[in-house]
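Now for the letters of each chain:
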Amino acid sequence: MTLTRGVQKLVTVFFIFAVLAAGFIFYLYPKQKEETASAERELELLKQQKKQLERFASLHKNAADDVKRMGKQEKIVSGLLPKQMDSASFLTSLQQWSRKSGVKIKKILPGDEKSFEAYKEQQIVVSASGTYFEWLDFLYLLEQDGRFTDIREMQGKTDKYGQFDGTVMVYIFSSVS
């Protein structure tokens with residue numbers, strides 16, 4: 001059976017249309033669907049961020065008042081901190097606390113001072129050994145010191161005799177003035 005020229009053209013056009021439709025269905029549509037889902041997730045995140053910003057803005061309507069309040073808090077903080085870093089006296093105190101607690105200091109590594117807007121900080125790394133209870137006493141004495149300190153990291157290991165060899169990272173602070 002032979003087809004007429006018009007029917008052949010119609011079948012060819014239909015075949016080309018079917019190939020394009022299959023390409024769209026199997027290749028472009030899933031890709032477009034994935035991109036749409038990604039865009040919807042991103043839009044949802046942006047909506048959440050917008051809500052957070054609106055909530056922040058509603059809580060802090062007058063930024064000038066917030067700045068004044070923060071300035072007062074900075075003055076209070078700088079009044080609580082010593083004027084000088086005086087790490088030498090802190091290192092002497094560390095040695096006294098180690099004697100009182102029984103912890104044996106192996107080495108002390110003072111770091112450089114870092115300045116921030118309202119305060120300065122200095123990292124001091126202490127490597128020492130002692131029993132669990134000696135370390136508790138040492139940390140208690142460190143905590144009871146009148147100066148503001150921050151223990152940010154402590155690590156070590158216990159040997160088979162119960163001695164804890166450890167390192168503690170302590171930060172001391174002073175005001176910027």
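Computed from a predicted structure; not experimentally measured.

S.K.: Explain the packing of aromatic side chains to me, and be specific about the residues and the numbers.
M.R.: Counted under the stated rule, the structure contains six aromatic pairs. Note on Phe116 and Tyr119: the rings are 4.9 Å apart at their centroids and 25° apart in plane angle, and the pair reads as stacked. Assessed through its relative accessible area of 27%, Tyr119 is described here as partly exposed. Measuring from ring centre to ring centre gives 6.0 Å for Trp135 and Phe138, while their planes differ by 85°; the resulting arrangement is edge-to-face. Pair noted here: Trp135 and Phe138 are both in helix α4 (residues 132-144), with a separation of three residues, about one helical turn. Classification of Trp135 by relative accessible area gives buried; the value is 3%. Three or more aromatic residues joined by ring pairs form one cluster here, namely Phe116, Tyr119 and Phe173. Positioned over the ring face of Tyr171 is Arg152, at 3.8 Å from the centre of the ring.

S.K.: Go over the sheet that holds strand β2 (residues 119-130) with me, naming the residues and quoting the values.
M.R.: Ordered by their spatial adjacency, four strands build an open sheet running β1-β2-β4-β3, and the pairing between neighbours is antiparallel. What marks the edges here is a single partner per strand, and that holds for β1 (104-115) and β3 (149-158). Within this sheet the neighbouring strands show an average axis-to-axis angle of 15°, counted without direction. On the sheet, helix α3 (residues 87-101) packs against β1, β2, β3 and β4 (164-175) and is oriented at approximately 155° with respect to β1.

Parameters at a glance
Residues numbered from 1 in each chain as written. Predicted model: local features only at pLDDT ≥ 70, side-chain atom pairs only at ≥ 80, totals over all residues. Heavy atoms only, no water. Phe/Tyr/Trp six-rings, centres within 6.5 Å; stacked < 30°, edge-to-face > 60°. Buried < 20%, exposed > 50% of the residue type's maximum accessible area, 1.4 Å probe, protein only. Helix = DSSP H or I, 4+ residues; strand = E, 2+ residues; numbered from the N terminus. Lys NZ or Arg CZ within 6 Å of the ring centre and 35° of its normal. Pairing = 2+ DSSP bridges. Axes fitted to C-alpha atoms, helices over the stretch in contact; angles between N-to-C directions. Contact = heavy atoms within 4.5 Å.

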